[in-house]
Amino acid sequence: MAFAITQTCCNDATCVSVCPVNCIHPTPEERAFGSTEMLHIDPRSCIDCGACADACPADAILPVDRLSEGQRVYERINAAYFENDHNGADDDSDATRSPAAAAVPERTGPNFHAWGEPVFDRVLPADFGALRVAIVGTGPAGMYGARDLLLHTRAEVTLIDRLPAAGGLVRYGVAPDHPGTRKVGETFARFRAHPRVRTYLGLDVGSHVTAEEIAAHHDAVIYAVGAATDRRLGIPGEDGPGSVSATTFVAWYNGHPEVAADAVRLTAERVVVIGNGNVALDVARILVSDPESLSGTEIAGHALAELRRSRVREVALLGRRGPQDAAYTRPESLALQHLPGVDLLVDDHDPRIGAAIDGAGPGDKAAVLRPVAREAVDWSLPPAPAGRRRIVFRFLSAPVAVRGAEGTRAVRVTGGAGELDIPAGLALRAVGYRGVAQAGLPFDEVTGTVPHQRGRVTGGTGTYVVGWIKRGPSGGIGANRACAAETVGTLLADAVAGALPAPAGGTREFRRLVRRRRR
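About the thresholds
- Residues numbered from 1 in each chain as written.
- Predicted model: local features only at pLDDT ≥ 70, side-chain atom pairs only at ≥ 80, totals over all residues.
- Heavy atoms only, no water.
- Helix = DSSP H or I, 4+ residues; strand = E, 2+ residues; numbered from the N terminus.
- Rg over C-alpha atoms; globule rule 2.2 N^0.38 Å.
- Contact = heavy atoms within 4.5 Å.
- Areas by Shrake-Rupley, 256 points an atom, 1.4 Å probe, with all protein chains shown as cover.
- Lys, Arg positive; Asp, Glu negative; His and termini not counted.
- Charge placed at Lys NZ, Arg CZ, Asp CG, Glu CD.
- Phe/Tyr/Trp six-rings, centres within 6.5 Å; stacked < 30°, edge-to-face > 60°.
- Buried < 20%, exposed > 50% of the residue type's maximum accessible area, 1.4 Å probe, protein only.
- Pairing = 2+ DSSP bridges.
- Axes fitted to C-alpha atoms, helices over the stretch in contact; angles between N-to-C directions.
- Expected span 1.5 Å × (residues − 1).
- Parallel < 35°, antiparallel > 145°, perpendicular 65-115°, else oblique.
- Left-handed = near helix turned anticlockwise from the far one by under 90°.
- Core = buried A, V, L, I, M, F, W, Y, C linked by side-chain atoms within 4.5 Å.
- Arc of directions from axis to C-beta.
- Polar contact = N/O pair within 3.5 Å; in protein donor to acceptor, adjacent residues only side chain to side chain.

Chemist: Would you explain the overall build of the protein chain in this entry?
Modeler: Along the backbone of the protein chain there are 18 helices and 23 strands. Relative to the 2.2 N^0.38 estimate, which gives 24 Å for 519 residues, the radius of gyration of the protein chain is 24 Å and therefore close to what a compact globule would have. Counted over contacts in the protein chain with a minimum sequence separation of 6, partners at least 24 positions apart contribute 73%. Accessible surface for the protein chain amounts to roughly 22,800 Å². Of this, 51% is attributable to carbon and sulfur atoms. Positive and negative charge centroids in the protein chain, built from 57 and 60 side chains respectively, lie 7 Å apart.

Following this line, the structure appears as structure tokens:
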């Protein structure tokens, strides 16, 4: 019985490296890697060894015969990826494959898959010394960097985080009902216990210590600080009461220490979520889920108590573009269709919406909504039928203003022949994350990132970036693995070339400095 990759796939390709028959695609060497929503297992080639399931950090790989009713669709998704002899790569012809790979016949048996040529992209001198590297940020990007250094060099790593708990976005940004995704944190936790790692939590760069002081005690510093704030809408009322960013809402239900327990009140029957990416779907799902289904998760106690008191019965998901261009992934959209007691509805206010759904191909994003009911919603009516909860997708509709003098009363939106008000007591802005300037580093205000060349901060020596502060808020957890590999590769090349400045102080001096500054 073959295995299948399911919704919580993190795309870090750990499974690819352990598969003995090369049946998981796309691999990091293939052009499609990074652009697909998830990895896929070829059921015709899988030998049911379970190596991929054991290695998966997100518990996303399961035997097909153990898939739940809601997960059954992933058996078809995995198989469909390989239809027409598609082997997971965009350029799998003999003209583009290596001669050695092209000479191997495909599909003749599980042990006759084409393998790429081995690649040795790093060569360190035999006498390469032990670097002292500081990593600011303990989220996935920083921890992939730490793992790379610890496994492939003799580096001593200093982990620094301004928050009292490690984990970054895995700890404070992943929905509590996604335990598989949150489990990735356990993989990183073992590296924090590594004998060559020293961790400082609750240490803020800029107030407790300066960037210059960290650099003075280390050979190199990697900033993995993510994208800590939200993108702006630029519409009237977005900063008014009852208008909350999704970054705040997510941090609230995850118990972020910088978000007050009373930051969110769920006293309205309808909530408008502006945006239709995965975060928007997370927010909508949490709002309408049965609170008791969340009681066994790591959700913050104050958030669970508020959800139990919640009056929310309907969430309107607002998307500027059509269903074919929605920002969410197919796995996240599919998951909504199996929420107990929750109805899904597509607001059919524009004929282009239905046409896009009906005309979508089997693998297209809009096709996921084909089983969902469609009707033109009369927003002047009360939210959802009595005793029910529902999520309404409203595509081809942009926010114009958040209305209400002392609190949100409605969100004015475009659509159809003009504008209309969607009555709501809460507006949640989920239009993306954005990086913030870091003390001592250059910053691009347009992109919200630190300028760099392959991870090396522009205009500096010994300073590097990784993750969303490097490339912008794109890609999931697994995307940080390749991102970190590039940055660490640049750092090591600089070290071999003798381009890193010599630190003035050592590990003990830095520890004493921290103790003096942060009592």
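Having seen it, we continue.
Chemist: Explain the environment of Asp-161 to me, please; I cannot follow it from the model alone.
Modeler: Residue placement: Asp-161 occurs in strand E6 (residues 156–161). Separated by 24 residues in sequence, Asp-161 and Gly-137 have C-alpha atoms that sit 5.0 Å apart. Beyond its immediate stretch of four places on either side in the chain, Asp-161 contacts Gly-137, Thr-138, Tyr-200, Leu-201, Gly-202 and Leu-203.

Chemist: Got a minute to help me understand the packing of aromatic side chains in this structure?
Modeler: In this description, a pair of aromatic rings is defined by centroid distance and the angle of the planes. Counted by the stated rule, this structure contains 8 aromatic pairs. With 5.4 Å between their ring centres and 90° between their planes, Phe-249 and Tyr-253 make a pair best called edge-to-face. With a gap of 4 residues between them, Phe-249 and Tyr-253 both fall in helix H10 (residues 246–253), about one helical turn apart. When sorted by exposure, Phe-249 lands in the same class as Tyr-253, which is buried. Both rings, one in Tyr-433 and one in Trp-468, keep their centres 5.5 Å apart while their planes meet at 50°; by these two values the pair is tilted. With Tyr-433 in strand E20 (residues 433–434) and Trp-468 in helix H16 (residues 468–471), the pair connects residues that are 35 residues apart, well separated along the chain.

Chemist: What is the right way to look at the sheet that holds strand E16 (residues 399–403) in this model?
Modeler: Backbone-to-backbone hydrogen bonds pair the strands of a sheet. The strands run either parallel or antiparallel. Across the sheet, which stays open at both edges, the 3 strands sit in the order E16-E17-E18 with antiparallel pairing between neighbours. Two strands lie at the open edges of the sheet, namely E16 and strand E18 (418–423), each paired on one side alone. In this sheet, adjacent strand axes meet at a mean angle of 25° when their direction is disregarded. One ladder, built from 4 bridges, connects E16 with strand E17 (residues 410–415); its direction is antiparallel. Residue Arg-403 lies in a different strand from E17, and its bridge partner there is Ala-410.

Chemist: Can you help me understand helix H5 (residues 140–152) in this one?
Modeler: In an α-helix, one full turn covers 3.6 residues, which means residues spaced three or four apart are oriented alike. Here H5 spans 18 Å end to end across 13 residues, near enough to the 18 Å set by a 1.5 Å rise per residue. Within H5, 11 of the 13 residues are buried, which leaves it mostly tucked inside the rest of the structure. Within H5, the full set of buried residues consists of Pro-140, Ala-141, Gly-142, Met-143, Tyr-144, Gly-145, Ala-146, Arg-147, Asp-148, Leu-149 and Leu-150.

Chemist: So what exactly am I meant to see when it comes to the packing of H5 against helix H17 (residues 479–496) here?
Modeler: Between H5 and H17, the shortest axis-to-axis distance is 8 Å and the interhelical angle comes to 50°. Here H5 lies oblique to H17, going by the angle between them. Seen along the crossing, H5 lies across H17 with a hand that is right-handed. Residue-level inspection shows Pro-140, Ala-141, Tyr-144, Gly-145, Arg-147, Asp-148 and Leu-149 of H5 in contact with H17, the latter providing Asn-480, Arg-481, Ala-484, Ala-485, Val-488 and Leu-492.

Chemist: Please explain the nonpolar core as it appears in this structure.
Modeler: Inside soluble globular proteins, nonpolar side chains tend to come together where they are buried. If you look at the biggest cluster of nonpolar residues, it comprises 61 residues, and the most contacted ones within it are Ile-24, Ile-41, Ile-135 and Leu-149. Not counting chain neighbours up to four residues away, the residues in contact with Ile-24 comprise Ile-5, Cys-15, Val-16, Cys-19, Leu-39, His-40, Ile-41 and Cys-52. Listed in part, the 47 residues of the second largest apolar core include Phe-249, Val-259, Leu-266 and Val-283.

Chemist: Explain helix H13 (residues 301–309) to me, please; I cannot follow it from the model alone.
Modeler: Of all the positions in H13, only Ala-303, Leu-304, Glu-306 and Leu-307 are classed as buried. Each buried residue of H13 lies within a common arc of 160° when the element is viewed along its axis, so the set occupies one face. Of the residues in H13, the exposed ones pointing more than 90 degrees away from the buried face are Gly-301 and Arg-309. At its buried positions, H13 is contacted by H10, helix H11 (278–288) and helix H12 (291–294).

Chemist: What's the story with the side chain of Thr-14 in this structure? I'm lost.
Modeler: Looking at the secondary structure, you find Thr-14 in helix H1 (residues 14–18). For Thr-14, a relative accessible area of 15% translates into the label buried. Reaching out from Thr-14, the side chain makes a polar contact with the side chain of Asp-12 at a distance of 2.9 Å. Excluding residues within four positions of it along the chain, Thr-14 makes contact with Ala-55, Pro-57 and Arg-481.

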